[in-house]
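Coordinates in review
The residues making up each chain are set out below.
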Amino acid sequence: MYSNKNTVIKWIVLLLDIVVIVGCLSLFVAISPEYTPQSIQNHVSIASSLLSVTFLLSSFSIPLVIHNRVVNISQILTRNFTVVMLSQGVFGLLWHMMTRNSNNEVVFNILFAVALYVSIVAVRLVERKILETMRAMGRNTRSVIFIGSDPANLFVYNDIMMDATTGYRVQGYYSNDTIEDAPKELKKLGDRAAFRALMAKDAIRCDELYCSLSHDDDKHISELMRYCNKHVIRFFYVPRVLKNMQLSLKPQIVGGNVLYTNFYEPLTYPGNRLVKRVFDIIFSIIMLILLLPFIPIIAVLIKMQSPGPVFFKQMRTGLDAKDFLCYKFRSMHVNDEADTLQATEDDPRKFPFGDFMRKTNIDELPQFFNVLKGDMSVVGPRPHMLYHTEKYSALLEKYMVRHFAKPGITGLAQVSGYRGETSDISLMEGRIKKDITYIENWSLWLDIKICIHTIRLTLLRDNKAF
């Protein structure tokens, strides 16, 4: 039978959020009165109540994920960042309209948003650990049965059982055939006739049933759905994996319809795009401010070693396969092969300082202007010259899929070793796979990890950077 324990957990988490908000605001006012508007100091209880309301409303508009059985740290970080920014923004606007007091309001909203975000995330991690411990002990669990031998069922099994603390308890599967490469823990309990016999006796005991059968078995699927409805069992239809396709189809809501696509893109959601764009703008402004004093020095060194412009501008392929003008510090002598010939390790076109810039990624820094313009992102598939787009799109089936996302200054492929000259088609194929993996698994936390890894590789002198 279906349990409402997860609903109870959600409400407990939301109540704890209110406690955290009230405590965090009271502590902030006590520790930092110089950064707190006088109106808030005089009415802490009213401010706490209004902030709690805006936070709860934001939480309802952006679904809670802490109670989900399969959730990662990046989802928790991203979701709470969005909730805190939204709630703090609405609170700041409402409070200003109520008090008309602009003293320290901007500084307070920024500093308190940071303090609240850190506090909420810290509490979330503790809550998640408690929940995982409970599930590992056998509490708040979900009993599961699979129907069918399609590999899609195995993929679902691997996902829900990758961590025992998710709380899933799989009984096994019923099928006329066996699931290939199934682990011994995924036991075959009988054929479909045996399952029908148990249904006739009302002897099925589980919380969730996952079915992956052909549409030709629509009568049996309908029987399963009716049984699950009658006995309050959650029914899930698992789309079968298409043979000869590396990626299975994934559900996506279009209007009121559930459709299936071969690629899942988190950045199709406006909230995710907003989070990524805010990160891009903040990160780029910081980097350009740090870069500003060095531009004249870099310009002089380039001019001393090679006549020509300081900046190199080239058309590259961007989002939705639209061309854009990409900026770099010029690292090679002016030549006629820049748009067709890829740089090599001992390329004679490079001058000494240009070679140094390429090895330390300094030549890429002007692309932060591209990020501010909106042509690029800090992290994403690297933009290729138009010649390579034309060449490799004809050789690799999924090459153009990488243009579902904005190109980046750095990317998952680059920090995974797929950087530099692609002298072999397999190197470009490996790069494309990593680009698609990034597009399908984007999160703010993934962007941050890639940035950190990029900085580490820069400091250690990546031997593929030439």
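Residues numbered from 1 in each chain as written. Predicted model: local features only at pLDDT ≥ 70, side-chain atom pairs only at ≥ 80, totals over all residues. Heavy atoms only, no water.

Here's the deal with the environment of alanine 30
Mapped onto the secondary structure, alanine 30 falls in helix H1 (residues 5-31). C-alpha separation for the pair alanine 30 and glutamine 41, spaced 11 residues apart in sequence, amounts to 8.9 Å. (Helix = DSSP H or I, 4+ residues; strand = E, 2+ residues; numbered from the N terminus.)

Examining the side chain of serine 331
As for its placement among the helices and strands, serine 331 is situated in the loop between strand S9 (323-329) and helix H11 (352-360). Side-chain polar atoms of serine 331 contact the side chain of arginine 358, separated by 2.9 Å. Not counting chain neighbours up to four residues away, the residues in contact with serine 331 comprise Lys350, Phe351, Gly354, Asp355, Met357, Arg358 and Asp363. (Polar contact = N/O pair within 3.5 Å; in protein donor to acceptor, adjacent residues only side chain to side chain. Contact = heavy atoms within 4.5 Å.)

A few points about unusual backbone geometry
The residue aspartate 181 is not glycine, and still its phi comes out positive at about 65 degrees. Among the secondary structure elements, aspartate 181 is positioned in the loop between strand S2 (168-174) and strand S3 (188-190). Exposure remark for aspartate 181: the relative accessible area of 74% places this residue in the exposed category. Here aspartate 320, not a glycine, exhibits a phi torsion of approximately 60 degrees, which is positive. (Buried < 20%, exposed > 50% of the residue type's maximum accessible area, 1.4 Å probe, protein only.)

Here we look at the pattern of salt bridges
Tallied over the entire structure, the rule returns 15 salt bridges. Its salt-bridge partner being lysine 359, residue aspartate 355 comes within 3.5 Å of it at the nearest N-O pair. Placement of the pair is aspartate 355 and lysine 359 together in helix H11, with a separation of four residues, close to one helical turn. The partly exposed category is assigned to lysine 359, whose relative accessible area is 27%. Taken together, the shared-partner salt bridges in this structure form one network comprising Lys328, Asp363, Glu364 and Arg382. (Salt bridge = Lys/Arg side-chain N within 4 Å of Asp/Glu carboxyl O.)

Topic: the packing of helix H10 (residues 295-305) against H11
Where H10 meets H11, the axes come as close as 8 Å, and the angle between the chain directions of the two elements is 135 degrees. By the angle class used here, H10 and H11 are oblique. Residues Ile298, Leu301, Ile302 and Gln305 of H10 pack against Pro352, Phe353 and Met357 of H11. Residues of the contact of H10 with H11, tallied by class, amount to six nonpolar, one polar and no charged. (Axes fitted to C-alpha atoms, helices over the stretch in contact; angles between N-to-C directions. Parallel < 35°, antiparallel > 145°, perpendicular 65-115°, else oblique. Nonpolar A, V, L, I, M, F, W, Y, C, P; charged D, E, K, R; others polar.)

Looking at the environment of glutamine 305
For glutamine 305, the position within the fold is in helix H10. In the structure, glutamine 305 is positioned 26 residues away from serine 331 in sequence and 9.9 Å away in space, judged by C-alpha atoms. Setting aside residues no more than four positions away along its own chain, glutamine 305 makes contact with His333, Phe351, Pro352 and Phe353.

Focus on H11
All of the buried residues in H11 are Phe353, Gly354, Met357, Arg358 and Thr360. Those residues of H11 hidden inside the fold are in contact with H10, S9 and helix H16 (444-459). A positive phi of about 70 degrees marks asparagine 361, the residue just after H11.

Quick notes on the packing of aromatic side chains
This structure, assessed with the given rule, holds 14 aromatic pairs. Judged by centre distance (5.7 Å) and plane angle (25 degrees), the ring pair of phenylalanine 91 and tryptophan 95 falls under stacked. Within this pair, phenylalanine 91 and its partner tryptophan 95 are both found in helix H4 (residues 73-99), separated by four residues, close to a single helical turn. Between phenylalanine 353 and phenylalanine 356, the ring centres sit 6.0 Å apart and the planes meet at 25 degrees, which makes this aromatic pair stacked. One end of the pair is phenylalanine 353 and the other is phenylalanine 356, both in helix H11 and three residues apart, which spans about a single turn. In this structure an aromatic cluster arises from ring pairing among Phe146, Tyr157, Tyr210 and Phe236. (Phe/Tyr/Trp six-rings, centres within 6.5 Å; stacked < 30°, edge-to-face > 60°.)

Side note on the state of the cysteines
Taken as a whole and judged by the stated rule, the model has zero disulfides. Here cysteine 206 stays free of any disulfide, with the sulfur of cysteine 228 as its closest cysteine sulfur at 6.4 Å. (Disulfide = S-S within 2.5 Å.)

Concerning the confidence of the model for the protein
Detailed reading of the predicted model is not advised wherever pLDDT is low. Per-residue pLDDT for the protein has a mean of 84; in total, 86% of the residues score no lower than 70. Of the regions scoring below 50 in pLDDT, residues 1-5 engages in 11 contacts with residues more than four places distant in sequence or in other chains. (pLDDT = per-residue confidence, 0-100.)

A look at the sheet that holds strand S1 (residues 142-147)
The strand order across the open sheet formed by five strands is S3-S2-S1-S4-S5, and the pairing between neighbours is parallel. Two strands lie at the open edges of the sheet, namely S3 and strand S5 (234-237), each paired on one side alone. Each adjacent strand pair in this sheet contributes to an overall mean axis angle of 30 degrees, direction not counted. When S2 meets S3, the two strands line up parallel, connected through two bridges. (Pairing = 2+ DSSP bridges.)

A word on the side chain of serine 87
If you trace the backbone, serine 87 turns up in helix H4. Accessibility expressed as a relative area gives 0% for serine 87, which makes it buried. Residues contacting serine 87, with those up to four places away along its chain left out, are Thr54, Phe55 and Ser58.

Digging into a nonpolar patch on the surface
A contiguous nonpolar patch, built from Tyr35, Val106, Val107, Ile110, Leu111, Val114 and Val118 and spanning about 610 Å² of accessible area, is present on the exposed surface. In this structure leucine 111 comes out as partly exposed when scored by relative accessible area, which is 35%. (Patch = residues over 30% accessible without salt bridge, like charges linked within 9 Å, V, L, I, M, F, W, Y side chains within 5 Å. Areas by Shrake-Rupley, 256 points an atom, 1.4 Å probe, with all protein chains shown as cover.)

Quick look at the nonpolar core
Residues Ile298, Ile302, Phe329, Val378, Tyr438 and Ile450 are the most contacted members of the largest nonpolar core, which totals 32 residues. For this core, the leading source of residues is H16, giving five residues. Setting aside anything within four residues of it in sequence, one finds isoleucine 450 in contact with Val379, Thr410, Gly411, Leu412, Val415 and Tyr438. Judged by nonpolar contacts, the second largest core, of 23 residues, contains Val20, Ile21, Phe28 and Val84. (Core = buried A, V, L, I, M, F, W, Y, C linked by side-chain atoms within 4.5 Å.)

What about the environment of phenylalanine 112?
As for its position among the elements, phenylalanine 112 is in helix H5 (residues 105-136). On the basis of relative accessibility, which here comes to 0%, the residue phenylalanine 112 falls in the buried class. Spatially, the C-alpha atom of phenylalanine 112 lies 9.9 Å from that of valine 84, the residues being 28 residues apart in sequence. Sequence-distant contacts of phenylalanine 112, defined by excluding residues within four places in its chain, comprise Ile21, Cys24, Leu25, Phe28, Leu51 and Gln88.

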